[in-house]
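Chain by chain, the residues:
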Protein chains: 2
Amino acid sequence: MELSLYLFSILFNITFMDLNELNDYRKFWSDYTRYQDTLALLHWDSEVMMPEQGRNERSEQIALLSSHVHKMYTSKQFDDFIGEVKLRIPRLDPNSIQSQHLIKEIEVLEKERNRSKKLPVELVEEFSRVTNQAHGVWASAKKNKNFAEFKDALKRIVELSKETAECYGYKEERYNGLLEGYEPDTKAGDLEELFKHLKNSLIPIVQEGKSYPNPFKSSVSAEYQTILNKKLPEILGLSQDVSRLDISLHPFSTSLGSKDKRITTRISEADPLSSIFSVLHETGHALYEYGLGTMTEFPSPISQALSYGIHESQSRLWENQIGRSRAFWNYFYPIMLKDFQIYHYDLPFEDFFKYVNSVQKTKIRVESDQVTYNLHIILRFEIERELISGNLEVEELPSIWNEKMKEFFDLKIDNDAEGVLQDVHWSGGSFGYFPTYTLGNIYSAQLFHGFFSSHNNFWDDLEKRGDFSSLHKWLKINVWHQGKLRSPKELIKEATGANPDSSYLVKYLKSKVQEQD
Amino acid sequence: MELSLYLFSILFNITFMDLNELNDYRKFWSDYTRYQDTLALLHWDSEVMMPEQGRNERSEQIALLSSHVHKMYTSKQFDDFIGEVKLRIPRLDPNSIQSQHLIKEIEVLEKERNRSKKLPVELVEEFSRVTNQAHGVWASAKKNKNFAEFKDALKRIVELSKETAECYGYKEERYNGLLEGYEPDTKAGDLEELFKHLKNSLIPIVQEGKSYPNPFKSSVSAEYQTILNKKLPEILGLSQDVSRLDISLHPFSTSLGSKDKRITTRISEADPLSSIFSVLHETGHALYEYGLGTMTEFPSPISQALSYGIHESQSRLWENQIGRSRAFWNYFYPIMLKDFQIYHYDLPFEDFFKYVNSVQKTKIRVESDQVTYNLHIILRFEIERELISGNLEVEELPSIWNEKMKEFFDLKIDNDAEGVLQDVHWSGGSFGYFPTYTLGNIYSAQLFHGFFSSHNNFWDDLEKRGDFSSLHKWLKINVWHQGKLRSPKELIKEATGANPDSSYLVKYLKSKVQEQD
């Protein structure tokens, strides 16, 4: 009997390795995550709480901890822990979900660590130095409405970005080397295909779209807005036990732990909807992050955000598909009136709802509505793709920008500040970032369509009871708990039964425009 | 000529070493400080901002960074950097202030690092484990008003504290081994000497002191209190550019960088003075920390708080010498009335001012006034000194406590919750902490006396213009910029021309009681 138990234990160990043996690896990743969360707190605090003169030392605190975190990630010790796990993979039970997760974890880690090791330290430092300086140059050029001031700095950034893409390596075209950092397994050709139909459909919609005036007869105090804003995440399903809302210059969301999500908004007393939509948007990001945190028992490389596009799909879904729906406002409008101390007759529902879905072409991306926004992004994608491929020179940017604004919107750009200089992104070398905004919109429409086709009672549940439970359940299974198990494309296919397709977004936006009539 | 320059440069180097050569050492200490400040942010956020469910992961973040900081402090690398500096000390210009600072820095570091290396890791861990558990035991025993429940836990803590004192080593008596960690170069015998006169003088004062009722006719909203509270640090000279005020369960102050001081208060709508005095107290701590940060150009082991007693002297000076003075309230009372929206005739100044200086004996330390407070502390000091020396057993605590309450206050203790169980300190093993509270009061009275004897216009400047500039200037020279250059005793002697002496406090308290008549 003793012998047979012994033999059994050997067989057992060979076939089904005990995952508790991974202690070193798990502890390492857990520590890494705690440091990352601490770093996120340093950033959050600096945007939301810190007294002004704390800035210099805070930069040093951030630099120090960033470097510590980076060293951990690329360390020999981490190599060794991963190596130990890999040795054990053949002994894993291939039918257990934990094992499948572990195999995927290692795959994800190796892919991302290999990528991060491809850049020479000198290039990273030079990139950081150049973009740090360029930020001030850009801001001054924008203030002076003069692209010429920014030209040389941008040229250097484009050169370094091309060099970066070459280090990473790519298929088909150089832009893909950068895009991969924002949207894994997605190519410029995929985007072109997705954006083609969208662009052709949106140009006429924007021309037809109707704009409605701000229906608020007077401003709403920051105090009243804050009362309402603080309720909103809870209504959407993000508990105050695991989150908080504050004010910052630019709205953002961040994670300081699996049960500590922070979101911010900013308040315009003249336009109270601006803050509500920021809260809807940032709550969407935070719900995704919170959902990811419930995917695995311990911090893991697979229970992290999949891509910029998928992250944005989660914010956009709550901001647009939910936040601009009639059902949401049927539920939320009376709550808003009460907190804002406004009478119904002072803010008729139909005037209000039309304003929520206004379409008005504008020269400025961040001021644009949900339809127009995508054309702004496609314009930027077309330009930056050519820039990185080398088919377009930095000198040509203002003229190509203005031509495209004429083509897309029939708008004439009067100066560079309202044209090519309006966004901060290129001054930071973030080539490949812009398209993920519209990818988020495409994904959000497709995901919501996938959800709704099997949950026809959703609008009813929302309108009558503010009940989002079916949507939470669906997103948890199809998006949040997918973590990094699949590529973005695969996630969309698995969740909706179809490849990524912009026609869902087009259909959604068309229906919003028609609803206005 | 070339040769003579060469010779001169050699001589120059030998005689006056360039302090820039200390880069490694400076960088190490700077990094260490950045990590300490980051750790302080993790703590501050958890008390002031964090959503409830963030607590578990936050504990892990804190544990991880604490351990990192501890490892840095005790590292071989730090030994080496200090060793390099020591080799250069003979080459320093003994007349330069920088050199004198550097020599003192190394002396302070060696003393503190030697002390911290004396405790075996096992003892530190056991101490931490036992006190963590004891906290819950104490809270429950206090709730049940039953010392017997806490007795065994406290016995273990006393044993471990004795062992700790033995590891550190001491002169004269065992208690000194612990006291040194709170108040360097101060012995139990010194305290006994200082406290003797104080005790004998205060017992009759407390019996004579008059208590006045809360003069506020109705409660003051948290909103109004916050408006006033936010002004107060700025009025005392702590700029909003380098500080912020928030709400927490227990008021505290902390430093997140040399230009980032955070203070907190709590608000009682029924008793608005409670919050004002917390802000005065915590601002005093923060002004000291801010002043220390301006002592040296870079983070340094000498530009840190000297001792618990000196730190407390700074908070008490602003809370009592300033905050209970007629001049301060002549200036601040109209501002308070305005922010609280109270009419003069609803809160007559004399009623109000008498309340500010009320004396009423109480069983509870944290509810006691500025006179009574010190007797509470002396009582605790007498008991804990005997406990650590081994002349008193844990079993005897309730009876000795209650006897002393009779002796000091002529008060009868009805149960352990209002007696020996009232304070958290002993459950955390903080023997040696209590006496620094009264040491702070003694120092604050003596320091203020030292300042005032050469600044007779101070009350006038304060009353008429809210002008604290002369006090700031004096404290900067005599306390803040002394850092750790001297022992607490030496600092007091240097600043006031006399050895630490409790008669200044007695005189101050007597004058407050007389003022009431």
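Residues numbered from 1 in each chain as written. Chains lettered and ligands numbered in written order. Predicted model: local features only at pLDDT ≥ 70, side-chain atom pairs only at ≥ 80, totals over all residues. Heavy atoms only, no water.

### Quick word on the overall build of chain A
Along chain A, the regular secondary structure elements total 21 helices and three strands. Over its C-alpha atoms, taken along the principal directions, chain A stretches across nearly 85 × 55 × 50 Å. When burial is assessed residue by residue, chain A has 55% of its 517 residues classed as buried. Of all intrachain contacts in chain A linking residues separated by at least 6 positions in sequence, the fraction that spans at least 24 positions is 74%. Here chain A has roughly 22,900 Å² of accessible surface; of this, 51% comes from carbon and sulfur atoms. Averaging the locations of the 62 positively and 76 negatively charged side chains of chain A gives two centres separated by 1 Å. (Helix = DSSP H or I, 4+ residues; strand = E, 2+ residues; numbered from the N terminus. Buried < 20%, exposed > 50% of the residue type's maximum accessible area, 1.4 Å probe, protein only. Contact = heavy atoms within 4.5 Å. Areas by Shrake-Rupley, 256 points an atom, 1.4 Å probe, with all protein chains shown as cover. Lys, Arg positive; Asp, Glu negative; His and termini not counted. Charge placed at Lys NZ, Arg CZ, Asp CG, Glu CD.)

### Overview of the packing of aromatic side chains
Across all of its chains, the model carries 80 aromatic pairs over all chains by this definition. Summarising the aromatic geometry, the rings of Tyr 343 of chain B and Tyr 345 of chain B are spaced 5.5 Å apart at their centres and angled 5° between planes, so their arrangement reads as stacked. Here Tyr 343 of chain B and Tyr 345 of chain B have matching classes, each one exposed. Three or more aromatic residues joined by ring pairs make a cluster, and in this case those are Phe 216, Phe 277, Phe 328, Trp 329, Phe 332, Tyr 333, Phe 340, Phe 349, Phe 352 and Phe 353 of chain A. One residue, Arg 113 of chain B, lies across the ring of Tyr 73 of chain B, its end atom 5.8 Å from the ring centre. (Phe/Tyr/Trp six-rings, centres within 6.5 Å; stacked < 30°, edge-to-face > 60°. Lys NZ or Arg CZ within 6 Å of the ring centre and 35° of its normal.)

### Focus: the relation of the copies chain A and chain B
Superposing the two chain copies requires a rotation about an axis and a translation along that axis. When chain A is fitted to chain B, the residual RMSD is 0.0 Å, and the transformation amounts to a turn of 179° plus an axial shift of 0.0 Å. Here the copies are linked by what is in effect a two-fold axis. Interface overlap between copies: 100% of the residues of chain A at the interface are likewise at the interface in chain B, consistent with a symmetric, same-surface contact. (Least-squares fit on C-alpha atoms with pLDDT ≥ 70 in both.)

### Quick word on the nonpolar core
In terms of nonpolar packing, the biggest core is built from 117 residues, with Ile 276, Ile 322, Phe 328, Trp 329, Met 336 and Leu 397 of chain B touching the most fellow members. Discounting chain neighbours no more than four positions away, the residues touching Ile 276 of chain B are Leu 228, Asn 229, Leu 232, Trp 329, Phe 332, Met 336 and Phe 340 of chain B. Counting residues in each nonpolar core, the second largest holds 116 residues, with Ala 286, Leu 375, Trp 401 and Leu 447 of chain A among its members. (Core = buried A, V, L, I, M, F, W, Y, C linked by side-chain atoms within 4.5 Å.)

### A look at the sheet that holds strand β1 (residues 243-247) of chain A
All names here are of chain A. Pairing is mixed in the open sheet, where three strands are placed in the order β1-β3-β2. Strand pairing shows two members of the sheet lacking a second neighbour, β1 and β2 (253-255), which therefore form its edges. Adjacent strand axes in the sheet meet at a mean angle of 20°, parallel and antiparallel pairs treated alike. When β1 meets strand β3 (residues 261-265), the two strands line up parallel, connected through five bridges. Residue pairing in the sheet places Ile 247 in a bridge with Thr 265 of β3. (Pairing = 2+ DSSP bridges. Axes fitted to C-alpha atoms, helices over the stretch in contact; angles between N-to-C directions.)

### Quick look at the side chain of Arg 316 of chain B
Residues and elements named next belong to chain B. By the secondary structure assignment, Arg 316 is in helix α12 (residues 308-322). There is a polar contact of 3.4 Å between the side chain of Arg 316 and the side chain of Asn 441. Once residues lying within four places of it in the same chain are set aside, the contact partners of Arg 316 are His 281, Gln 321, Tyr 373, Gly 440, Asn 441 and Ser 444. (Polar contact = N/O pair within 3.5 Å; in protein donor to acceptor, adjacent residues only side chain to side chain.)

### Notes on the side chain of His 285 of chain B
Residues and elements named next belong to chain B. Its place among the elements puts His 285 in helix α11 (residues 272-293). With a relative accessible area of 10%, His 285 lands in the buried category. Within polar-contact distance, the side chain of His 285 engages the side chain of His 281 at 3.2 Å. Within the structure, His 285 has its side chain in polar contact with the side chain of Ser 315 (distance 3.2 Å).

### So, the packing of helix α2 (residues 23-48) of chain A against helix α3 (residues 55-73) of chain A
Residues and elements named next belong to chain A. For the pair α2 and α3, interaxial distance at closest approach is 10 Å and the crossing angle is 160°. Relative to α3, α2 is oriented roughly antiparallel. As α2 packs across α3, the resulting crossing turns out to be left-handed. Where α2 approaches α3, its residues Phe 28, Trp 29, Asp 31, Tyr 32, Tyr 35, Gln 36, Thr 38, Leu 39, Leu 42, His 43, Asp 45 and Ser 46 are matched on the opposing element by Arg 55, Arg 58, Gln 61, Ile 62, Leu 65, Ser 66, His 68, Val 69, Met 72 and Tyr 73. Considered class by class, the residues forming the contact of α2 with α3 number eleven nonpolar, seven polar and four charged. (Parallel < 35°, antiparallel > 145°, perpendicular 65-115°, else oblique. Left-handed = near helix turned anticlockwise from the far one by under 90°. Nonpolar A, V, L, I, M, F, W, Y, C, P; charged D, E, K, R; others polar.)

### Details of the interface of chain A and chain B
At the interface, 36 residues of chain A touch 36 residues of chain B. Together chain A and chain B conceal approximately 3,000 Å² of surface at their shared face, both sides included; 53% is due to carbon and sulfur atoms. Of all residues in chain A, Arg 34, Gln 53 and Leu 64 of chain A bury the most surface against chain B, accounting for 20% of the area lost on that side. Linking chain A to chain B there are eight salt bridges. (Buried area = accessible area lost by both parts, 1.4 Å probe. Salt bridge = Lys/Arg side-chain N within 4 Å of Asp/Glu carboxyl O.)

### As for the packing of helix α9 (residues 188-208) of chain A against helix α21 (residues 503-516) of chain A
Residues and elements named next belong to chain A. One way to put it is that α9 packs onto α21 with a least axis distance of 9 Å and a crossing angle of 10°. Comparing their axes, α21 and α9 come out roughly parallel. In this structure, α9 contributes His 197, Leu 198, Ser 201, Leu 202 and Ile 205 to the contact, and α21 contributes Ser 503, Leu 505, Val 506, Leu 509, Lys 510 and Val 513. Looking at the contact of α9 with α21 residue by residue, the class counts come to seven nonpolar, three polar and one charged.

### Some details on helix α17 (residues 434-452) of chain B
Taking 1.5 Å of rise per residue, the 19 residues of α17 of chain B would be expected to cover 27 Å, and the 28 Å separating its terminal C-alpha atoms lies within 8% of that figure. Across the 19 residues that make up α17 of chain B, a large majority, 17, are buried. (Expected span 1.5 Å × (residues − 1).)

### Brief notes about the sheet that holds strand β1 (residues 243-247) of chain B
Residue and element names in this part refer to chain B. A sheet is described by the order of its strands in space; here three strands give the open sequence β1-β3-β2, paired in mixed fashion. Since the sheet does not close on itself, it has two edges, and those belong to β1 and β2 (253-255), each with one partner. Taken pair by pair, the neighbouring strands of this sheet meet at an average axis angle of 20°, ignoring direction. Relative to strand β3 (residues 261-265), β2 is paired through three bridges, and the arrangement is antiparallel. Across the sheet, the residue bridging to Thr 254 is Arg 262, located in β3. The strands touched by α11 within the sheet are β1, β2 and β3, with β3 carrying the most contacts at an inclination of about 165°.

### Section: the pattern of salt bridges
Overall, the coordinates contain 94 salt bridges over all chains when judged by the stated rule. Residues Arg 174 of chain A and Glu 166 of chain A are paired through a salt bridge, measuring 2.8 Å at the closest nitrogen-oxygen approach. Across the pair Lys 199 of chain B and Glu 407 of chain B runs a salt bridge whose closest N-O atoms are separated by 3.5 Å. Of this pair, Lys 199 of chain B sits in helix α9 (residues 188-208) while Glu 407 of chain B sits in helix α16 (residues 397-409); the two residues are 208 residues apart in sequence, bridging distant segments of the chain. Owing to a relative accessible area of 45%, Glu 407 of chain B belongs among the partly exposed residues under this scheme. Beyond isolated ion pairs, a larger network of salt bridges with shared partners links Asp 45 and Arg 58 of chain A together with Asp 260 and Arg 262 of chain B.

### Concerning helix α15 (residues 372-389) of chain A
Residues and elements named next belong to chain A. Relative to the 26 Å expected for 18 residues at 1.5 Å per residue, α15 spans 26 Å between its end C-alpha atoms, a close match to the ideal helical length. When you tally the buried positions in α15, you get 16 out of 18 residues, the bulk of the element. Two residues or fewer after α15 comes Gly 390, characterised by a positive phi angle close to 95°.

### Things to note about the environment of Asn 357 of chain B
Residues and elements named next belong to chain B. Note that Asn 357 resides in the loop between α14 (349-356) and α15 (372-389). Given a relative accessible area of 3%, Asn 357 falls into the buried group. Expressed as a C-alpha distance, the spacing of Asn 357 and His 197, which sit 160 residues apart in the sequence, is 22 Å. Look past the residues within four positions of Asn 357 in its chain and what remains in contact with it is Arg 324, Gln 370, Lys 512 and Gln 516.

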